[in-house]
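Listed below are the residues making up each chain.
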Amino acid sequence: MERAILALEDGHFFYGYAFSGLNKKETGGEVIFNTSMTGYQEILTDPSYKGQIVVMTPSEVGNYGINSEDVESEKVHVNGFVIKDLSSIVSNWRSEKSLQEYLEENEVIGIFGIDTRALVRIIRQYGVMKGYIGIGNIDPKEAVKKARSIPDISELDLVSKVSHREVYKWNEGTWRWPEGYSRVDEGKYKVAVLDYGVKRNILRLFADRGLELTVFPHTTTAEEILKFKPDGIFLSNGPGDPAILHFQIEQIRRLIHSEIPVFGICLGHQLLSWAVGSRTYKLEFGHHGGNHPVKNLKTGKVEITAQNHNYATDPDKLPSDAEVTHINLNDDTIEGIRLKDYPVFSIQYHPESSPGPHDSLYIFDDFVKLIEECKR
């Protein structure tokens, strides 16, 4: 382990120690914090974190290690990982390696010994900002200068870095003890998944409900999707600023008018908002964690949800044919919309709850019901 520094573009800096990525020496990205108590493996492998340095708020991380099953993609996507204390003990019957070993394998810098409470307070007060992590004896002024030179995340096409380049089928269901992951060899309805950085547990929950999934790259045109003749279309989660994804927004606009059921999650929700004529804006420090209260305006029930996004739909720009279905009770931001004239809906939070609570699993059933209604 070597001395390391985390510097923010506003001049704040923190000293700690690097426990992985020692050969890489430096990294940068947008610094955000996540309040989830568990699930660091799912967070690390969530493609939505591409371009970001993730700060975990729990006091200790790494105690249950890493296994090869609880991953949301094929590799780690975070630019850097910041924690207060690294557990010296790994204890779990499913664990195959330590957090340190896992980050080393993926060549990702992880640092500990940072006063994460102070760091989070800065982000909450001043908003998310660019940051730089350097390993070794680095001058703080130089580290801050490097943080300021990092490109803004709104300038980066991150979706192209996480979306698969080839079309593929998915038939794996959720994990159950003692069998492990189930398989769904034949689905009742065909669903086209537009991959902007899709999480595997979303696909698994679709498969559990008897949907036959075909995953398409983010560059797929609306005409190619319609030629596939799907019964439903899913717009996945993903990283970055939706405002720069002009091609994807235009394809979604065309898909809406096909009258095939469309469902979006997270970035998919944001892109849908743009496609129907609304806009998105950047939140001060985003929503990242597993304890966000969301009210379903249709049922009046409150769900505790898992969230990971920095952008929200502008309510003042929503057209009259789009109604708000869910709101965040912490700040009243939009968490779900539905179109009145088309079989289209989306949510901002993560109903697959990986990691997080399971209050919102009904959303997947709602999509199946919508497909069934349109097939009648």
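Provided above is the structure to which this section pertains.
What counts, and where the lines are drawn
- Residues numbered from 1 in each chain as written.
- Predicted model: local features only at pLDDT ≥ 70, side-chain atom pairs only at ≥ 80, totals over all residues.
- Heavy atoms only, no water.
- Helix = DSSP H or I, 4+ residues; strand = E, 2+ residues; numbered from the N terminus.
- Rg over C-alpha atoms; globule rule 2.2 N^0.38 Å.
- Buried < 20%, exposed > 50% of the residue type's maximum accessible area, 1.4 Å probe, protein only.
- Contact = heavy atoms within 4.5 Å.
- Areas by Shrake-Rupley, 256 points an atom, 1.4 Å probe, with all protein chains shown as cover.
- Lys, Arg positive; Asp, Glu negative; His and termini not counted.
- Charge placed at Lys NZ, Arg CZ, Asp CG, Glu CD.
- Pairing = 2+ DSSP bridges.
- Right-handed = clockwise from strand over helix to strand, strands pointing away.
- Salt bridge = Lys/Arg side-chain N within 4 Å of Asp/Glu carboxyl O.
- Axes fitted to C-alpha atoms, helices over the stretch in contact; angles between N-to-C directions.

Caption draft 1: Expanded view of the overall build of the chain. Within the chain, the regular secondary structure consists of ten helices and 21 strands. The C-alpha radius of gyration of the chain comes to 20 Å, within 12% of the 21 Å expected for a compact globule of 376 residues. Along the longest, intermediate and shortest principal axes, the C-alpha atoms of the chain span 65 × 50 × 40 Å. Per-residue burial for the chain yields a buried fraction of 59% across its 376 residues. In the chain, once contacts between residues fewer than 6 apart in sequence are set aside, the share between residues at least 24 apart is 75%. On the chain, roughly 16,000 Å² of surface is accessible, and the fraction owed to carbon and sulfur atoms is 47%. Each charge class in the chain was averaged separately, 42 positive and 54 negative side chains, and the resulting centres sit 2 Å apart.

Caption draft 2: Broad picture of the pairing of strand β14 (residues 211-216). Among the six residues of β14, five are classified as buried, and the element is accordingly described as predominantly covered. Looking at chain direction, strand β10 (residues 168-170) and β14 are connected through three bridges and run antiparallel. Counted as the bridge partner of K169 is T214 from β14. Summarising the sheet, strand β13 (residues 189-194) and β14 pair through six bridges and their orientation is parallel. By the bridge assignment for β14, V193 is matched with V215. Read from β13 through helix α6 (residues 200-208) to β14, the crossover connection turns out right-handed.

Caption draft 3: Up close: the pattern of salt bridges. Taken as a whole and judged by the stated rule, the model has 19 salt bridges. Residues D46 and K199 are paired through a salt bridge, measuring 3.9 Å at the closest nitrogen-oxygen approach. Placement of the pair is D46 in the loop between α1 (40-44) and β4 (52-56) and K199 in the loop between β13 and α6, with a sequence separation of 153 residues. Using a relative accessible area of 3% as the deciding quantity, one classes D46 as buried. Notably, a salt bridge pairs E352 with K199, separated by 2.8 Å at the nearest N-O pair. Of this pair, E352 sits in the loop between β21 (344-347) and α10 (362-375) while K199 sits in the loop between β13 and α6, placing them 153 residues apart in sequence. This pair shows no difference in class: E352 is buried, exactly as K199 is. One continuous salt-bridge network, built from bridges that share partners, spans E223, E250, R253 and R254.

Caption draft 4: Structural detail: the sheet that holds β4. The sheet built from seven strands closes into a barrel, its strands ordered β1-β2-β8-β6-β4-β3-β9 with mixed pairing. Pairwise comparison of adjacent strand axes, ignoring direction, gives a mean angle of 35° for this sheet. Sheet topology places strand β2 (residues 13-20) next to strand β8 (residues 109-112); three bridges connect them, and they run antiparallel. Bridge assignment links Y17 to a residue of β8, and that residue is F112. Those strands touched by helix α4 (residues 140-149) are β1 (2-8), β2, β3 (26-34) and β9 (129-135), and its axis lies near 50° from that of β1.

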